[in-house]
Structure formats: structure tokens, C-alpha cells
Amino acid sequence: MQEAAGVLKEGFLVKRGHIVRNWKVRWFVLLQDKLLYYKIEGGKKEPSPKGRILLDGCTITCPCLEYENRPLLIKLKTKTNTDYFLECCSREERDSWALDITGAIHAGHPVQVQELHRMKNSFKLLENISLHHIVERMCDSSTGIKRTRNLEQGSRYKETFTGSALVDWLISNSFAVSRFEAVTLASMLMEENFIKPVGARSTEATRYSDLSEQFLDDSTALYMFAESSKKNTSSKEELQFNISELRGTIVKQGFLVKQGHKRKNWKVRRFVLRADPAFLHYYDPTKEENRPVGGFSLRGCLVSALEDNGVPAGVKGNVQGNLFKIITKNDIHYYIQASSKAERAQWIEAIKPLT
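For the structure given in this document, a descriptive report is provided here. Nothing here was measured: the structure is a model prediction, and the numbers come from that model.

## Quick word on the environment of Gly294
Now for step 1: Inspection of the secondary structure assignment puts Gly294 in strand E17 (residues 294-297).
Now for step 2: A residue is classified by how much of its surface remains accessible, and Gly294, at 15% relative accessible area, is buried.
Now for step 3: Taking C-alpha positions, Gly294 is 5.8 Å from His281, a pair spaced 13 residues apart along the chain.
Now for step 4: Once residues lying within four places of it in the same chain are set aside, the contact partners of Gly294 are Leu280, His281 and Tyr282.

## A closer look at the packing of aromatic side chains
Now for step 1: Taken as a whole, this structure holds 10 aromatic pairs when the rule is applied.
Now for step 2: With a centroid separation of 5.5 Å and 75° between ring planes, the pair formed by Tyr67 and Phe85 is classed as edge-to-face. Of the two residues, Tyr67 is situated in the loop between strand E7 (59-64) and strand E8 (73-77) and Phe85 in strand E9 (residues 83-87); the sequence distance between them amounts to 18 residues.
Now for step 3: A centroid spacing of 5.5 Å and a plane angle of 35° characterise the contact between Phe271 and Tyr282, whose relative ring orientation is tilted. In this pair, Phe271 is assigned in strand E15 (residues 266-275) and Tyr282 in strand E16 (residues 279-283), connecting sequence segments 11 residues apart. The exposure classification of Phe271 matches that of Tyr282, with both residues buried.
Now for step 4: Through pairs of rings, three or more aromatic residues link up here, namely Phe271, Tyr282, Phe296 and Tyr334.
Now for step 5: Sitting over the ring of Tyr38, Lys45 keeps its end group 4.5 Å from the ring centre.

## Brief notes about helix H9 (residues 341-351)
Now for step 1: For H9, the full list of buried residues reads Glu343, Arg344, Trp347, Ile348, Ala350 and Ile351. The arc that holds every buried residue of H9, seen down its axis, measures 165°, which confines them to one face. Exposed positions of H9 whose direction lies more than 90 degrees from the buried face are Lys341 and Glu349.
Now for step 2: Elements that come into contact with the buried residues of H9 comprise strand E14 (249-259), E15, E16, strand E18 (302-305) and strand E19 (323-327).

## Re the environment of Lys146
Now for step 1: Here Lys146 lies in the loop between helix H3 (131-138) and strand E10 (148-152).
Now for step 2: In this structure Lys146 comes out as partly exposed when scored by relative accessible area, which is 38%.
Now for step 3: Considered as a pair, Lys146 and Glu159 are 13 residues apart in the sequence and their alpha carbons are 8.5 Å apart.
Now for step 4: A distance of 3.4 Å separates the side chain of Lys146 from the backbone oxygen of Ser142, its partner in a polar contact.

## Examining helix H4 (residues 163-172)
Now for step 1: For H4, the buried fraction is high: eight of the 10 residues fall into the buried class.
Now for step 2: Taken together, the buried positions of H4 are Gly163, Ser164, Leu166, Val167, Asp168, Trp169, Leu170 and Ile171.

## Brief notes about the nonpolar core
Now for step 1: Ile134, Met138, Leu166, Leu170, Ile195 and Phe215 are the most contacted members of the largest nonpolar core, which totals 27 residues.
Now for step 2: Those elements giving two or more residues to this core turn out to be H3, H4, helix H5 (179-191) and strand E13 (222-225).
Now for step 3: Here the element with the most residues in this core is H5; it accounts for six residues.
Now for step 4: Discounting residues that sit within four places of it in the chain, Phe215 has contacts with Gly163, Leu166, Val167, Val183, Ala186, Ser187, Met190, Ile195 and Tyr223.
Now for step 5: Within the second largest apolar cluster, 24 residues are counted, among which are Trp27, Leu73, Cys89 and Val268.

## Side note on the pattern of salt bridges
Now for step 1: Under the definition given, this model contains 18 salt bridges.
Now for step 2: Here Asp56 and Lys79 are joined by a salt bridge, their closest N and O atoms 3.2 Å apart. Of this pair, Asp56 sits in the loop between strand E6 (51-54) and E7 while Lys79 sits in the loop between E8 and E9, and the two are 23 residues apart along the sequence.
Now for step 3: A residue is classified by how much of its surface remains accessible, and Lys79, at 58% relative accessible area, is exposed.
Now for step 4: In this structure, a network of salt bridges that share partners links the residues Arg91, Glu92, Arg94, Asp95, Asp168, Arg179 and Asp217.

## Section: the sheet that holds E16
Now for step 1: Taken together, the seven strands give an open sheet; going across it, the order is E17-E16-E15-E14-E20-E19-E18, and neighbouring strands pair in antiparallel fashion. What marks the edges here is a single partner per strand, and that holds for E17 and E18. If you compare each strand with its neighbour and ignore which way they point, the axes differ by 30° on average.
Now for step 2: Where E18 meets E19, four bridges bridge the pair, whose relative direction is antiparallel. From the neighbouring strand, Val303 faces E19, where its bridge partner is Ile326.
Now for step 3: Seen against the sheet, H9 touches E14, E15, E16, E18 and E19 and runs at an angle of roughly 130° to E14.

Calculation rules
Residues numbered from 1 in each chain as written. Predicted model: local features only at pLDDT ≥ 70, side-chain atom pairs only at ≥ 80, totals over all residues. Heavy atoms only, no water. Helix = DSSP H or I, 4+ residues; strand = E, 2+ residues; numbered from the N terminus. Buried < 20%, exposed > 50% of the residue type's maximum accessible area, 1.4 Å probe, protein only. Contact = heavy atoms within 4.5 Å. Phe/Tyr/Trp six-rings, centres within 6.5 Å; stacked < 30°, edge-to-face > 60°. Lys NZ or Arg CZ within 6 Å of the ring centre and 35° of its normal. Arc of directions from axis to C-beta. Polar contact = N/O pair within 3.5 Å; in protein donor to acceptor, adjacent residues only side chain to side chain. Core = buried A, V, L, I, M, F, W, Y, C linked by side-chain atoms within 4.5 Å. Salt bridge = Lys/Arg side-chain N within 4 Å of Asp/Glu carboxyl O. Pairing = 2+ DSSP bridges. Axes fitted to C-alpha atoms, helices over the stretch in contact; angles between N-to-C directions.

Below, the structure written as C-alpha cells:
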């Protein structure tokens, strides 16, 4: 899974199927005029692509909010009106993919590419904008921002939304053209007491003097409409979801390939590294539930890179290259494969201080 000549970008994305509307992890390769995707078997990319998306005449929607439980989607519509839904593991990765795909679509139009990069950090609020109108649209039962129960610092809050979800909603509904602009607009909604921060993460940010820094474009920062600030805590559910493990600050996240403990097969998982407390959790990206399928404390762990020449001991199948191993204090061995040596080094460097 090393970068080849002519490749603009490559990596794991989760793709919705065309016939059976299930979600599968695929290895995507962005070229100048097309986006190829490959099936991964046993930690290896198959030699021939499973499919391709021709970018000529394509339109891109990002953020795409058509799936409530998948907020990190990119939607591509080809000139033959075929829709492709691609999910990333973080907002930063999603925006990076969207920018590079858009650049490839407009590669023959340098002026449009320059405008795209200019708009990325532009700030120009709509003239005569009505905050009341925005709030009315936000409250719409069908097209408004989705409000759900969320957990923060061990407490369960009803009718809340995350900071990054609001930024996505403002952009997708054409109230803002960039994330910077949407954050400023969200800060104005908070300043005028239309929305309020909930929990320690978002409340602490309001202590900053700069208005633009008071609202957090973050998937862990919670907000709600100012009139619905009731809190409901459920200790049973907190225990079930191991909330104490998930309280930590996210240090790093991304797609990696992991060997199973029982069947020893290799599966792509979304890994999330947290500090205070130090835990490494992994999720099944094909499922809509945002719950870990596994994880472990990093205290007392050993992490090391494995040799790239040959199949290391403990690894089943002809899987080699970019592997690293984590041994927990209970002597459980985890074998994990990154997509490149550089990515492997980044993960090891991020994990080691937390062990």
C-alpha cells in the first residue's frame, strides 16, 4: 500500500454499496482523472481495482448530512447521476480528501483551484443575515440539525449536538462557505444566547476572550438550544459503555489493519488513541453504532515496530510490511498494520509516551 507514481492521495475510506446498501472499507487511490478503490484481503490490497469513479463532470458535496449516524461523509455524483458515499475517520481527513478530490475535478481549471484554496479560510458572512432565521431552520424537524443524547464527562445530556455537527450543518445549508466562517457564525449564535455550551469541554472554551475561539469545531464539544438545558444521567449506561475509558482527550485516530485474536483474520478498524486516561480503542467502521468493539489501557504496554523482511512470528498469513506490535501488561499481543512506514512511526511515537 505504498504510494505509486501519479497518485495524488491514497488511504482507507468506508464506501456505501450500490446494490446492497451496506458499508465496506476500501483502499482508495486518487489519480488526476479518476478515483480507484480496491478490496483489502489479509492485509493486502488486491492487484486490480474493484471499481472506479470517473471525476470528469463530477460534483462533490462536503459536508454531506444525508446519514445522521455518519457525519463524516463525502458525496460524489458522477455526470451519469451515480451517487457515491465515502466516509472518513475524522473531520480533518474528510476535509483533506474533499479538497484534493475537488482539485482533481477542476484540474483543468486553475482559476477554480485557486478560488477553492482561497475559500478554505475565507470569511464573508452573508449580508443582512438573520440569526433568528438560522435558529428557525436549525429547529426544523426534518431538515434542522439532529439532536441526540450525548455523553460528556460521565454525564448524559439530552437534545444536544456537537460543535463539528453544527459547523457541517451551517455549511451544507449555505449559511457559510468555510469552516472558519461557520465557527464565527456559531459563536454569534452563542453570544446572542440562541445556543449554549454543555459540559466541561465546550464550557471551558467560553473563557477565551476572542469570540472566534469560544465555539469549538470539535466532535467532543457539546451544545444545545438555550431553552433545553436539562441534564439526564444514567449510571447503568455509563457503566455499560465504560465511559471512564472514553473521557480522555483524543490524541490520534485513523484506519489501521488489525489481526483478530481468535480467527487470526485481518480487518480494517478505526483506531482512536486517548490520553488521561490512556486507552487505545478500535471501532468497526462498517457499523453505524459509534461504540468500540475493543480496546485496552496503555499503562504498562510495550509497543515496537516489526521487521519488514518476512512474516514475523505471531502473524498469521502472508502479511508483512509496516507492522507493529503492542503487548499489554496482561501479556495480550496485538498485531497491527499501518499503510506506510511513516504512518507506523507516527502511531508508535504517539503511543509510547502514554504507556
